[in-house]
Amino acid sequence: MNKIGFIGGGKMASAIIKGIINSGYAKKEDIFVSDKNLETLKNIKKSYGVNVLENNIDTVKNSNVVIFAVKPFIMRDILLEIQQYISYDKLVLSIAAGISISTIEEFLTNATVIRIMPNTPALVNEGMSAICPGTLAKEEHIQIASDIFKSVGRVITTEEKYIDIITAVSGSGPAYYYYIIDLIARAGEKLGLDYDTCLKLSAQTAMGSAKMIMETGISPEQLIINVTTPGGCTAEGNRVLKNSDIINILDETIKDTAKKAYELGKK
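Our subject in this report is the structure included herewith. (Residues numbered from 1 in each chain as written. Predicted model: local features only at pLDDT ≥ 70, side-chain atom pairs only at ≥ 80, totals over all residues. Heavy atoms only, no water.)

**Quick notes on the sheet that holds strand β3 (residues 51-53)**
Consideration 1: Taken together, the 8 strands give an open sheet; going across it, the order is β3-β2-β1-β4-β5-β6-β7-β8, and neighbouring strands pair in mixed fashion. For this open sheet the edge positions go to β3 and β8 (153-157), each flanked by a neighbour on one side alone. The sheet shows a mean angle of 25° between the axes of neighbouring strands, direction not considered.
Consideration 2: Note: strand β5 (residues 91-94) against strand β6 (residues 112-117), 4 bridges, orientation parallel. Paired with serine 94 across the bridge in β6 is arginine 115. (Pairing = 2+ DSSP bridges. Helix = DSSP H or I, 4+ residues; strand = E, 2+ residues; numbered from the N terminus. Axes fitted to C-alpha atoms, helices over the stretch in contact; angles between N-to-C directions.)

Structural data, given as structure tokens:
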């Protein structure tokens, strides 16, 4: 059984801890968490019963899988702090945005590094995580990372060169779906139905539509055909969408987000 250490105990770390305990992947006594915020540690201890430590070095010493779940701007200091305690048998998983595998490997020369881009729906076990293996990562390491992040949603394995696109599509993507869900709800409200009811209708419809894609394997194009009766209500809405600038707007949204992710990663 792997002993898993978290450096950083924020919301994403908490979601992963909850997921791996609930899935049975790890026992609470095999999980170690360090964070500079003592209140955060207190809450994690109370919620999950895991081991909490005030020292990052102790977390590393007690773990064979170390997960960096911290803000990017403090990563350098943490890497310097723990680098001499990272032996060749440690697996390092990083969810720190914008911090490349090569940067981590430069500091932790003995470590096997895997970078992961999760997203916030992991908080409700519906996350989408992209796993990017480092130069020393083997299949067994990728499997460990995959098993951990499957406990909070779905997983793909890909190359780090695609990380900026992944950031735009799934990392930042929830914000754009929230925006669209809200706009559809407010459009319904303008027609006379109360906003709370419209929001429930819009959000559940979005969730159900996503599950249709994920679970049936049917393409979005075919699903649109399936729900559309020629000359009917959906056909009329499709006409409005096709005559709008929505394609260019979404293209620009994803392109600019990916560009920003690239720029932040170079800093």
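**Concerning the pattern of salt bridges**
Consideration 1: The final tally for this structure, using the stated rule, is 7 salt bridges.
Consideration 2: A salt bridge links arginine 239 to glutamate 236; the nearest nitrogen and oxygen atoms lie 2.6 Å apart. Placement of both arginine 239 and glutamate 236 in helix α11 (residues 233-242) is noted, with a separation of 3 residues, approximately one turn of the helix.
Consideration 3: Classification of arginine 239 as partly exposed rests on a relative accessible area of 42%.
Consideration 4: One connected set of salt bridges, linked through shared partners, spans Asp182, Arg186 and Glu189. (Salt bridge = Lys/Arg side-chain N within 4 Å of Asp/Glu carboxyl O. Buried < 20%, exposed > 50% of the residue type's maximum accessible area, 1.4 Å probe, protein only.)

**Remarks on the pairing of strand β4 (residues 65-68)**
Consideration 1: Alternating positions in β4 separate into two faces, Val65 and Ile67 on one and Val66 and Phe68 on the other, with burial throughout.
Consideration 2: Alignment of strand β1 (residues 4-7) against β4, held across 4 bridges, turns out to be parallel. Opposite glycine 5, over in β4, you have valine 66 as the bridge partner.
Consideration 3: Here β4 pairs with β5 via 4 bridges, running parallel.

**Topic: the nonpolar core**
Consideration 1: Ranked by internal contacts, the top residues of the largest apolar core, which has 32 residues, are Ile4, Phe6, Ile20, Leu93, Ile114 and Ile148.
Consideration 2: Aside from chain neighbours lying at most four places away, what touches phenylalanine 6 is Ala13, Ile16, Ile17, Ile20, Ile31, Phe32, Val33, Ser34, Thr59 and Ile67. (Core = buried A, V, L, I, M, F, W, Y, C linked by side-chain atoms within 4.5 Å. Contact = heavy atoms within 4.5 Å.)

**Observations concerning unusual backbone geometry**
Consideration 1: Non-glycine residue asparagine 125 carries a positive phi angle of around 60°.
Consideration 2: Here asparagine 125 lies in the loop between β6 and β7 (127-133).
Consideration 3: Of the residues examined, asparagine 125 reaches a relative accessible area of 40% and is grouped as partly exposed.

**A short note on the environment of aspartate 245**
Consideration 1: With respect to the secondary-structure elements, aspartate 245 resides in the loop between α11 and α12 (246-266).
Consideration 2: Among the residues examined, aspartate 245 registers a relative accessible area of 42% and is labelled partly exposed.
Consideration 3: Distance in space between the C-alpha atoms of aspartate 245 and aspartate 58 is 54 Å, their sequence separation being 187 residues.
Consideration 4: There is a polar contact of 2.7 Å between the side chain of aspartate 245 and the side chain of asparagine 248. (Polar contact = N/O pair within 3.5 Å; in protein donor to acceptor, adjacent residues only side chain to side chain.)

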